[in-house]
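Spelled out, the chains give:
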Amino acid sequence: MKVALLGLEKSGKKTFFTLLTGRDVSAGLKEGECVEGIAPVRDPRVDVLAGICKPERKKYAENLIVLCPDMKEGSDKKLWMETARKSDLLCAVIRAFTSDQVYHPSGSVDFARDQKVIESELLLSDLMLLETRLDRLGKEKRAGQTPKQALEEKTLLRIKEHLEKEMRPVPIELDPQEQE
């Protein structure tokens, strides 16, 4: 499974990444650079089975952890969005600790504020994806629209309206055809 670690600057993403993977992340990461590491899933059942079956080697399940660039309010979303889209799971790391040694870019630690910033950035990236697909469907419509494309456009417009109205990620009921 590929897991993308997302978060604001100084949220503890690098520390969490290091704890999961055992890989030290250099302080001199370039702007927009992603770092990957493997996190083994140590399952005691594997040890028991290995003791019974005596295989030549024992292999634990692994997760690929990707440390994404910092999310910044109003910044270029392409830096972290490309990696996040290719991942199976998004893990938002939100700072809830205070430390005299680690400053907070916003001046103070506020978990709710930082959570709202991350949710807003994710919502805006979803809206960007919707608008891009709706633009493509509009171009395809000129050449003749299939019933499947018409349903997709109607569904995307409904989702877009819902996101714009709610301005936060909430579930929306879709029938099986719309989900497809």
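These remarks concern the structure in this document. Keep in mind that this is a model prediction, so the values were computed, not measured.

Within the fold, Q115 resides in helix α4 (residues 111-142). Taking the C-alpha atoms as reference points, Q115 and E33, 82 residues apart in sequence, are found 23 Å from one another.

Side chains bearing opposite charge may pair, as long as their charged atoms lie close to each other. Under the defined criterion, the tally for this structure stands at ten salt bridges. E62 is paired through a salt bridge with K59; the nearest N and O atoms lie 3.1 Å apart. Between E178 and R158 there is a salt bridge whose closest N-O contact spans 2.9 Å. Of this pair, E178 sits in helix α6 (residues 176-179) while R158 sits in helix α5 (residues 147-166), and the two are 20 residues apart along the sequence.

So, on to the nonpolar core. Listed in full, the eleven residues of the largest apolar core are A4, L6, L8, V66, C68, M71, W80, M81, A84, V117 and I118. Breaking this core down by element, the ones donating at least two residues are β1 (2-7), α3 (78-85) and α4. When residues of this core are assigned to their parent elements, the largest contribution, three residues, is made by α3. Once residues within four sequence positions are removed from consideration, M81 is found in contact with S125 and M128. Of all hydrophobic cores here, the second largest spans nine residues; its members include V3, L5, V35 and L67.

On to the environment of T18. Note that T18 resides in helix α1 (residues 13-21). Judged by relative accessible area, T18 falls into the partly exposed class, the value being 28%. Those residues in contact with T18, other than ones at most four positions away along the chain, are R23, D24 and V25.

Moving on to the packing of α3 against α4. At a minimum axis distance of 11 Å, the contact between α3 and α4 shows a crossing angle of 75°. Our classification of the angle between α3 and α4 gives roughly perpendicular. Mapping the contact onto sequence places W80, M81 and R85 in α3 and E121, L122, S125, M128 and L129 in α4. Residue classes in the contact of α3 with α4 are distributed as five nonpolar, one polar and two charged.

Turning our attention to the sheet that holds strand β3 (residues 61-67). Ordered by their spatial adjacency, four strands build an open sheet running β2-β3-β1-β4, and the pairing between neighbours is mixed. In this open sheet, the two edge strands, each paired with only one partner strand, are β2 (35-41) and β4 (89-93). Across the sheet, the mean angle from the axis of one strand to that of its neighbour is 30°, orientation sign disregarded. Judged from the seven bridges that link them, β2 and β3 form a sheet pairing that is antiparallel. Counterpart to I38 in the pairing with β3 is L64.

Quick notes on the rules
Within each chain, residue numbers correspond to sequence positions counted from 1 in written order. Local features in this predicted model are restricted to residues of pLDDT 70 or higher, and side-chain atom pairs are both shown and tallied only at a pLDDT of 80 or more, whereas totals for entire chains, interfaces and linings draw on every residue. In computing side-chain values, all of the structure's heavy atoms are included and hydrogens and water are not. Counting from the N terminus, the helices are the DSSP runs of H or I reaching at least four residues and the strands are the DSSP runs of E reaching at least two. A pairing counts as a salt bridge when a side-chain nitrogen of Lys or Arg comes within 4 Å of a carboxyl oxygen of Asp or Glu. To form a nonpolar core, buried Ala, Val, Leu, Ile, Met, Phe, Trp, Tyr and Cys residues must be joined to one another through side-chain atoms within 4.5 Å. Exposure classes here rest on a 1.4 Å probe applied to the protein chains alone. A residue is buried below 20% of its type maximum, exposed above 50%, and partly exposed in between. Pairs of residues are marked as contacts when any of their non-hydrogen atoms sit within 4.5 Å. Comment: axis = line fitted to C-alpha atoms, over the contacting stretch for helices; angle = value between 0 and 180 degrees taken between N-to-C directions. If an angle is under 35 degrees, it is roughly parallel; if it is over 145, roughly antiparallel; if it lies from 65 to 115, roughly perpendicular; otherwise it is oblique. Residue polarity follows a fixed list, in which Ala, Val, Leu, Ile, Met, Phe, Trp, Tyr, Cys and Pro are nonpolar, Asp, Glu, Lys and Arg are charged, and the others, Gly among them, are polar. At least two bridges found by DSSP between two strands are what make those strands a pair.

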